[in-house]
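Structure assessment
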Amino acid sequence: HASPSTGDFVSGIWYHVSFVRNGGTMTCFKDGRELYTFSDTYDYNGNDEFALGARKSSGTWTQYGQQYLDEFRVSTGTARYTKSITRFANTFVAKGDTGDAFTALQIQSNGAKNGAMFSDSLNRTGYNTGAVTVGGTPTWRNTVGDGFGGANTALYFNGSNDYIGIADSADWMPTGAFTFETWAY
């Protein structure tokens, strides 16, 4: 599969990133503009939980990433973006938006205070209700510039032991159209 090159993203800048599969074509959008496209009919079948902040492979947590994420959303059964979008800067509706019938998972600050740890009951919405495993201390921080230009918090993963895992589900292995998107720093 194709992937962005290291020159596509610069450290210290907020980006809206989305991966969208529609009709056998995968497209990566960065800040609303198409970054790359490739043919994708891959069956994303696996048996590990869905992970943020690290990678889980064969039951072992590896490859921790030091990163800030905000407004993370997984949508199944729909390709939310099928061409470059000129207004990417608030792809979610209002603060507290719980998504729609296609939103399997959405993680957002929902008013989390600087320094608060991730809360499954406060910060997670969507129809997937799989069990959550939290490793380390993923923490909401407002110490970096906000991608939306306001006073917001973003979920910080420290790069050494922070992760959020959500139980294995068919939602993480879609066979048709889907969209994975987030603000990343």
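Just above, that's the structure.
By convention here, each chain's residues receive numbers from 1 onward along its written sequence. The predicted nature of this model means local features are confined to residues of pLDDT at least 70 and side-chain atom pairs, given and counted, to a pLDDT of 80 or more, with totals for whole chains, interfaces and linings taken over all residues. Hydrogen atoms and water are omitted, and side-chain values are computed over all heavy atoms in the structure.

Description of the pairing of strand β8 (residues 103-107)
What counts here: Accessible area is worked out with a 1.4 Å probe on protein chains only. A residue is then buried under 20% of its type maximum, exposed over 50%, and partly exposed in between. Secondary structure elements are taken from DSSP: a helix is a run of H or I of four residues or more, a strand is a run of E of two residues or more, and numbering for both begins at the N terminus. Strands are treated as partners if at least two bridges between them are detected by DSSP.
Counting buried residues along β8, 5 of its 5 residues qualify, which places the element largely inside the surrounding structure. Examined bridge by bridge, strand β7 (residues 66-76) and β8 share 4 bridges and lie antiparallel to one another. The partner of Ser75 across the bridge, within β8, is Thr103. Direction of pairing for β8 relative to strand β9 (residues 124-125): antiparallel, over a ladder of 2 bridges. Counted as the bridge partner of Ile107 is Arg124 from β9.

Observations regarding the nonpolar core
Soluble globular proteins tend to pack their nonpolar side chains together in the buried interior. Rules: Residues belong to one nonpolar core when they are buried, are Ala, Val, Leu, Ile, Met, Phe, Trp, Tyr or Cys, and are joined through side-chain atoms within 4.5 Å. Contacts between residues were defined by any pair of non-hydrogen atoms, one from each residue, lying within 4.5 Å.
Residues Phe50, Leu52, Phe72, Val74, Leu105 and Ile107 are the most contacted members of the largest nonpolar core, which totals 24 residues. Once you skip the residues sitting within four places of it in the chain, Phe72 turns out to touch Phe50, Leu52, Leu105, Gln106, Ile107, Phe180, Glu181 and Thr182. One finds Trp14, Tyr68, Tyr156 and Trp183 within the second-largest nonpolar core, a separate group that totals 5 residues.

What to know about the packing of aromatic side chains
Counted only if it meets this: In this analysis, rings of Phe, Tyr and Trp, with Trp reduced to its six-membered ring, are considered paired at centre separations within 6.5 Å, and the interplanar angle assigns stacked below 30 degrees, edge-to-face beyond 60, and tilted for intermediate values. Note on geometry: a ring has a charge over it if NZ (lysine) or CZ (arginine) is within 6 Å of the ring centre and within 35 degrees of the ring normal.
For the structure on display, the rule yields 11 aromatic pairs. Centroid distance Trp14 to Tyr185: 5.3 Å. Interplanar angle 45°. Geometry classified as tilted. Separated by 171 residues along the polypeptide, Trp14 in the segment before β1 (15-22) and Tyr185 in the segment after β14 (178-184) bring together distant segments of the chain. Taking the relative accessible area as the measure of exposure, Trp14 reaches 12% and is therefore buried. Taken together, a centroid distance of 5.7 Å and an interplanar angle of 45° make the contact between Phe50 and Phe72 tilted. Placement of Phe50 in strand β4 (residues 50-52) and of Phe72 in strand β7 is noted, with a sequence separation of 22 residues between them. Owing to a relative accessible area of 12%, Phe50 belongs among the buried residues under this scheme. You can call Phe72 buried: its relative accessible area is 9%. Across from the ring centre of Phe9, 5.4 Å away, lies the NZ or CZ of Lys30, which sits over that ring.

Some thoughts on the side chain of Arg21
Our working definition: Polar contact is defined as a pair of N or O atoms within 3.5 Å, subject to the rule that within protein one atom must be able to donate a hydrogen and the other to accept it, and that residues adjacent in sequence are counted only when both atoms are side-chain atoms.
With respect to the element layout, Arg21 can be found in strand β1. Arg21 sits in the buried class, given a relative accessible area of 3%. A polar contact of 3.2 Å, which involves the side chain of Arg21, links it to the backbone oxygen of Gly176. Ignoring any residue separated from it by four or fewer positions in sequence, one finds Arg21 in contact with Met26, Asp40, Thr41, Tyr42, Tyr44, Ala79, Pro174, Thr175, Gly176, Ala177 and Phe178.

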